[in-house]
Every structure is written in structure tokens, then in C-alpha cells.
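Residues per chain are reported as follows:
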Amino acid sequence: MSAYIQQPDGIFKTVCSLDCPDQCGLLVHKENGKITKIAGDPEHPVTRGNICNKVRHMAERIYDEQRLTQPLKRVGPKGSRQFEPITWDEAIETITSHWKSLITEHGPESILPYSFYGNMGNINAEGMDRRFFYRLGASQIERTICTAAGGAGFKYTMGGSIGTDPEDTVHTRLFILWGINAVSTNMHQITLAQQARKQGAKIVVIDVHRNQTGRMADWFIPILPGTDTALALGLMHILFAENRVDEHFLHNYTVGHEELREHVQSYDPVTVSGITGVPVDDIYKLARMYSETSPAMIRIGNGLQHHDNGGMNTRAITCLSVLTGQWLVRGGGAIRSNSAYLTHNAAALQRPDLLQNRNTRSFNMNQLGRALTDTQPPVHSLYVYSCNPAVVAPRAAQVRQGLEREDLFTVVHDLFLTETAAYADIILPATSSFENLDFYTSYWHHYMQLGQPIIEAYGQSKSNTEVFRLLAAAMGFEEPELQDSDEQMIRQALDHPANPYLQGIHYDALQDNHYIKANRSAIYPERLETPSGKVELYSSTMAQIGLPPLPTYIPLQEQDRHNYIFVPGPTHNFLNSTFSNNAKHAGMEKLPRLFLNTADAENEGIMDGDTVIVSNQYGSCELIAAVGETVLPGVVVSQGLWADTSDHQPAHLVNALTPDRLSDMGGGATFFSGRVDLQKKQLPVPLESII
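Residues numbered from 1 in each chain as written. Predicted model: local features only at pLDDT ≥ 70, side-chain atom pairs only at ≥ 80, totals over all residues. Heavy atoms only, no water.

Asker: Where do I start with unusual backbone geometry in this structure?
Answerer: Trans is the prevailing form of peptide bonds, just as negative phi is the prevailing case for residues other than glycine. Each neighbour pair has its own omega, and for Ser294 with Pro295 the value is -5°, a cis peptide bond. Along the chain, Pro295 turns up in the loop between helix H15 (280–292) and strand S12 (296–300). At Asn243, a position not held by glycine, the phi torsion is positive, near 55°. Taking the relative accessible area as the measure of exposure, Asn243 reaches 64% and is therefore exposed. (Helix = DSSP H or I, 4+ residues; strand = E, 2+ residues; numbered from the N terminus. Buried < 20%, exposed > 50% of the residue type's maximum accessible area, 1.4 Å probe, protein only.)

Asker: What's the story with the side chain of Asn211 in this structure? I'm lost.
Answerer: Counting through the fold element by element, Asn211 comes out in the loop between strand S9 (202–207) and helix H10 (212–216). We classify Asn211 as buried; its relative accessible area is 5%. Beyond its immediate sequence surroundings of up to four residues, Asn211 is in contact with Asn181 and Gln639. (Contact = heavy atoms within 4.5 Å.)

Asker: In this structure, what is going on with the pairing of strand S27 (residues 674–680)? I would like to understand it.
Answerer: By the bridge criterion, three bridges tie strand S22 (residues 564–569) to S27 in an arrangement that is antiparallel. In the sheet register, Ile565 faces S27, and the bridge partner there is Arg675. Taken together, the four bridges between strand S24 (residues 611–615) and S27 define a ladder with antiparallel strand orientation. Of the residues in S27, the one forming a bridge with Val614 is Leu678. (Pairing = 2+ DSSP bridges.)

Asker: How should I be thinking about the environment of Tyr117 in this particular structure?
Answerer: Looking at the element boundaries, Tyr117 is found in the loop between strand S6 (111–115) and helix H5 (122–126). Distance in space between the C-alpha atoms of Tyr117 and His652 is 23 Å, their sequence separation being 535 residues. Beyond its immediate stretch of four places on either side in the chain, Tyr117 contacts Asp19, Ala125, Glu126, Arg130 and Ser386. A distance of 2.5 Å separates a polar atom in the side chain of Tyr117 from a polar atom in the side chain of Glu126. (Polar contact = N/O pair within 3.5 Å; in protein donor to acceptor, adjacent residues only side chain to side chain.)

Asker: Which parts of the structure should I look at to understand the nonpolar core?
Answerer: It is characteristic of soluble globular proteins that their nonpolar side chains tend to be buried jointly. Among the nonpolar cores identified, the biggest contains 168 residues, and Trp99, Tyr114, Phe132, Trp178, Leu323, Tyr383 and Leu678 are the most heavily contacted of them. The element that contributes the greatest number of residues to this core is helix H11 (residues 228–241), accounting for nine residues. Aside from chain neighbours lying at most four places away, what touches Leu678 is Tyr564, Leu594, Leu596, Glu604, Ile606, Val612, Ile613, Val614 and Val636. Counting residues in hydrophobic clusters, the runner-up holds 21 residues, among them Leu177, Ala182, Ile190 and Ala217. (Core = buried A, V, L, I, M, F, W, Y, C linked by side-chain atoms within 4.5 Å.)

Asker: How do you make sense of the sheet that holds strand S8 (residues 174–178) when you look at a structure like this?
Answerer: One open sheet holds the five strands; their spatial order is S10-S9-S8-S12-S13, and the pairing between them is parallel. Every interior strand has two partners, whereas the edge strands, strand S10 (219–222) and strand S13 (333–335), have only one. Adjacent strand axes in the sheet meet at a mean angle of 20°, parallel and antiparallel pairs treated alike. Where S12 meets S13, three bridges bridge the pair, whose relative direction is parallel. Looking at the pairing, Ile298 lines up with Ala334 of S13. Taken strand by strand, helix H16 (residues 310–322) contacts S8, S12 and S13, and its axis lies near 170° from that of S12. (Axes fitted to C-alpha atoms, helices over the stretch in contact; angles between N-to-C directions.)

Asker: Looking at this structure, how should I read the packing of aromatic side chains?
Answerer: Geometry of an aromatic ring pair is reported as the spacing of the ring centres plus the angle between the planes. Scanning all chains against the criterion turns up 20 aromatic pairs. Here Tyr385 and Phe468 contribute two aromatic rings whose centre-to-centre distance is 5.3 Å and whose plane-to-plane angle is 70°, an arrangement assigned as edge-to-face. Taken together, the residues span a long stretch of sequence, with Tyr385 in strand S15 (residues 381–385) and Phe468 in helix H21 (residues 464–475) at a distance of 83 residues. Note on Phe468: relative accessible area 0%, which makes it buried. With 6.4 Å between their ring centres and 85° between their planes, Tyr447 and Tyr515 make a pair best called edge-to-face. Of this pair, Tyr447 sits in strand S19 (residues 447–451) while Tyr515 is found in strand S20 (residues 515–517), placing the two residues 68 residues apart along the sequence. Taking the ring centre of Phe477 as reference, the NZ or CZ of Arg135 above it sits at 4.1 Å. (Phe/Tyr/Trp six-rings, centres within 6.5 Å; stacked < 30°, edge-to-face > 60°. Lys NZ or Arg CZ within 6 Å of the ring centre and 35° of its normal.)

Asker: Just checking my understanding: could you explain the packing of helix H14 (residues 269–276) against H15 for this structure?
Answerer: What describes two packed helices is the angle between their axes and the distance between those same axes. Two numbers describe how H14 lies on H15: the axes approach to 8 Å, and their chain directions differ by 110°. Comparing their axes, H15 and H14 come out roughly perpendicular. For the element pair H14 and H15, the recorded crossing hand is right-handed. Facing Pro269, Val270, Val272 and Ser273 of H14, the residues of H15 in contact are Val280, Ile283 and Tyr284. Residues that form the contact of H14 with H15 fall into these classes: six nonpolar, one polar and no charged. (Parallel < 35°, antiparallel > 145°, perpendicular 65-115°, else oblique. Left-handed = near helix turned anticlockwise from the far one by under 90°. Nonpolar A, V, L, I, M, F, W, Y, C, P; charged D, E, K, R; others polar.)

Asker: Can you walk me through the pattern of salt bridges in this structure?
Answerer: As a working rule, side chains carrying opposite charge can pair if their charged atoms are close by. Tallying each qualifying case throughout the model produces 33 salt bridges. Of the charged contacts in the structure, one is a salt bridge between Lys13 and Asp41, with a shortest N-O distance of 2.6 Å. Placement of the pair is Lys13 in strand S1 (residues 10–15) and Asp41 in the loop between strand S3 (34–40) and helix H2 (53–56), with a sequence separation of 28 residues. In this structure, Lys13 and Asp41 share a single accessibility class: buried. Arg370 serves as the salt-bridge partner of Asp660, at 2.8 Å between the closest nitrogen and oxygen. With Asp660 in the loop between strand S26 (635–639) and S27 and Arg370 in helix H18 (residues 368–373), this pair connects stretches of sequence that are 290 residues apart. Among the residues examined, Asp660 registers a relative accessible area of 3% and is labelled buried. Judged by relative accessible area, which is 33%, Arg370 ranks as partly exposed. One salt-bridge network, held together by shared partners, links Arg74, Lys78, Glu406 and Asp425. (Salt bridge = Lys/Arg side-chain N within 4 Å of Asp/Glu carboxyl O.)

Have a look at this one:
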């Protein structure tokens, strides 16, 4: 038992488990064995005691009266939310007996796991679960819904997820926040930028929506969705044409700069302005500002990768970031992800060697609806954990059509009876991160952190690792790897001599220090993990697989199918669907709004505050019009994944509209490349107005 659990009162250091780049250090206050307050850890070198409202109110989520306390089995129609309590023994027996029958009749690939990072703890997100499903021989899921496209584009260019140390950005003099609402999704980067701003730094925001980050910028540049590659190429055109590049850096640290110099000549500012909606003068102004300011750093966001051309968007901006040599300046360069510095031993943690059939089929998680409705041979069982695909996955109506199948045996392991759990046959109660042992690796800052259990498991809830150990035993699997303890798995994951940045980081050290920084000295690696060891402005690897070897603008699909391009971005008070079921967080967010341009609203006969029906070939939803100049004409933006359990097809389900096409690289999601039409909802005429 954790030493923290044994102490009924006190203040305990831990880490936030949410899927957020900041991964804050926390101080959890406990009285009589119960969490009473969650605050930031002022000693944490990056987050320094500042936390968001989502985490500040986390105790209310942990002790929410709607939280699941025991296993449940379905007793009514799927989606009806009719369940009755059962024991854990009965739940495990029901699951494994179904699976044994399915394996006998249809083979193990008839079973499909579906998960993502609702809990960023490594062993709970990608540890015993991977071992179990490899051993089972189940169909595999490609977890590409978030950063796959951008990760691929960045890797082709830089070799892996490396970036500027956020702590160095206090020295930065120009921040370009590109495609990221950092106020809502990376608040400590804003804190560091504000600190630098006091020393004269400027903050430029490039985005499709003038959100909270755009409003706090020194200069906000609105851009048409999916045209980021074109803008980056237009800036490169000016940098080359006006001799504003760092020739020493290009010759010594890159390959393909001469090809790129020739290539960008066709992306003149007039042409680029017509594509992006950014005025010609602004393109010149930004290029010159970027070349004349040092250190200059580009924060590359997730938003711009969720397009048909999302990988190329990221790659083009990454190429731009190297032209002026800023990677050799402390506080310069770019950040998309820093996860490579804290890469653990994934093979030791996940044990892919347990999978006997190397030809086991796999499904892209962005196309769950197809997997459940169109696949032959069919998926007969779905096991969902750390994810809520009925709300989060694209083409939500098709996903729910699949979940409604009576012949689909569905198990959901979660803290709440989510929209997905409503379709389950068996629901298992999950622990929170404050009840688990796990280690955490930020994908923004350079610190690894340990989270130890602070409170007893809530009700009868169990962690992912514990449940998979139970399932393995009930399936008769005897491999010792399937019964390793949480501590053993952490030790195995951190035993990784191949990553020199992990030197000195191990389980015992984390227990003593709570967080340890990656062992990184130089601000720029001596050799990149690309084939050439350098930045690849021209990528032979891409050419070999049929992708443009130089950054190239490729328009979005479905340009003319509907009138408006629809971008369903993140909101300030939810994290994907997490917290959307909480009345306090929904109250802070107020309304599920649709931001549209004044000219478009006038053309559609829509007034501010009207209910708008948003529709396309995939489905429809209803949002409240927010009319103004926060988006360009032809663009509509919503924020947040709103919980709505009042009926079978929630009114505010924005992912009913999102395509399940895959991005140009990495098999990523294309959430932001959908198109829609708008119609003002005609409200019923009150009877008294007729009489």
C-alpha cells in the first residue's frame, strides 16, 4: 500500500494526468482520508503552482455522485441506460466467457480494443492493456486520433519529436503561436510568453478563430483553414528572395535548401494571399519581423494538423522554423512536441512479442464507425477504456449505429456512465489517477514525473492494469508478464539505455524527487534521427513513398460540397468530453456556440443568439450563433464536445458532422476539414400569438 494512502491527513506531491502538454505538478490536500483541495506545486520548475480550473475542481469529479462504484450489466435496450449491479467476479466471468466463445467461433480478431489517453499515465494507457490484447490476438487499433499527422510531418523533417526547451522561452523575443489556442490548451506557454513580454517580446497568433489566445496577442492573423502550408511557403519565398536566411545554418545543418529555394519561387505573396486570406502586406510584415527578431520561436499547434493536409501543414511550418538559424539560439526554434527526450522502453512496457500472428488485422481509430458497421468478418466485441468514442470519434452517427448492434458485445471501463457506456453490455468502474501508481512524460516540457496513489480506490473501482491482470488470469494466460505489478512495469519501462536523455531517471529517483528533467545539455542535437542526420527540407523518404519531397500546398477535399468549412475546436473548460458532464464546468462554458462572420450571418438571415441547424452529408447538430468578426467569411467554428444525454441523438454532437477521412500522413484525423450548411432553426410560434 502507498505510504500516501496510509496517511489520512497531509499535503502530497503528485502530477496532473490529463491529456495536456503542461502536465502540471500538483499538491493534493487530504483530510480524514479524503481529498479536500487540489493546488499547483509552486516548486515545480515549469508549472510553478499555476493550474487550470479543470484540475482545480478535480476533487468534485472524483467524488461526483454520478461516479460509478460497482460493475453493471445491461438489462434494457442498448442506449437506454438501464443497468443493474453485479459483482466483479460475475463481470470478469461474463466478459471472458463471451470472449472464449467468440475466439472459438470467429477467432480472436473478432475482438477489438478501443482506447486513448483519457489517463496519461503510461502503464495505465499503454502497459498491461497492450500485453493482454497482444497475447489475446485481438484486432489492433491504430491510435492516431490526435497527433499522428503532425508527428509524421515533423519526423520527416527533424527525425523525431524534439523541440525548444519551454524553460528557455523566457528569453524568446518573438512568439508565433500557430494553430494553437494556448490560453486554453497550453497555459504555461502563455505564462512564459507573458514573462518574456515584460522584457519586450511580441506575441503573434495565427489561427482560424480569434479565440482567447488571439485576443491576448500583440498581433492576430486570421487564416483560412487548411492553408497553413501556403502561408509558410509564402514566408519562405520572402526570406529567400530578400536574403534573410541563415546560409551557414542551411549549409551545415540541412539538406535540400537549394531545391527549396527554387521551389518557393512560385509561392509569391500575391498568390499566397489569395489562398490564405492573409493580406499581402501582412505576409511581408511577418516574414521581415521573423527574420529580424532573435530569439524567435514558433509554437506549432495541434489544430492545423487535423486537416486533409495536416501532416504537410506541420512539415511546412517546421521547414520555415529552420531558415533563419533560430534553432541554434536559446529560446529560438520551434515546439511541436518534446516527447522524444523522455521516450521510455516501449517494447519492454508493451511486450509486442506476445502477439503470435504478425498479420493480425488493425483498424484506424478515426474510422470506428466503419469498423463496427462495414467490416467483414465483423467485429463481435468492443472493449473501450480511457476514451469516449460515442462523442469523440468522427462520424458519430455511424459510430452509434455500430454501438447499437445487439450482436456487438461491448465492455466499457470508465469513471462515469458515459455516452459510450450507455451502449455497453458490461460497465466496469475505473479508478482516477489519484488512486493509481504511474509515471508520466510530458510532450511539452522536459520533466518525467511519478504519481503515487493518494486515496483508496473509490467504491469498487479498479485501475486498467488491475483489470487486465484479472482478465488475463480468467482467460488462463500464464505468462508472467501478464501479472507484473505496476512498480515492475515502471522499472521495466525506464530501463532504456538507448535513450541517453533518461540517464539518471529511474523508479527510485522518481520516488525521492517526484520529477526529474531529461538529461539534455546542448540546445540542439549534434545529429538528428533523419536518414541524413540533418534537417531534411527535401525528404527522399517522402519521395520514395509517393509524397511530395518538398513542402507543397495541397487544397482540402470537398471544397464545394457545402457552403462553409467547419472547425470544431477545443473549449476552455472541457478536455475533449472530460468535464462536459459536470454542471460547474458546463456553466462556466455557458453555451455550445457557433462562431460565424457577420456577412455570412446576414446572408443566412441569422442573428446573434439564434439557434442554428448545422448539417452535412454525415448528420446535423444545433448550436447557438455567435455573430461577429472572429472568423473569416466562409468559416464557422464551434468549441467543445458537449455532453447531452437527454435523448438518443444529442443535439450538440459536433462530431456528427466530422469526416472520417484520414490525413495525408500518419493516418491522422481530419476533424477540421469538414464542410457544412447552416439554417436558422424556426422555433414554434407561441399559441397566444395566434389567438
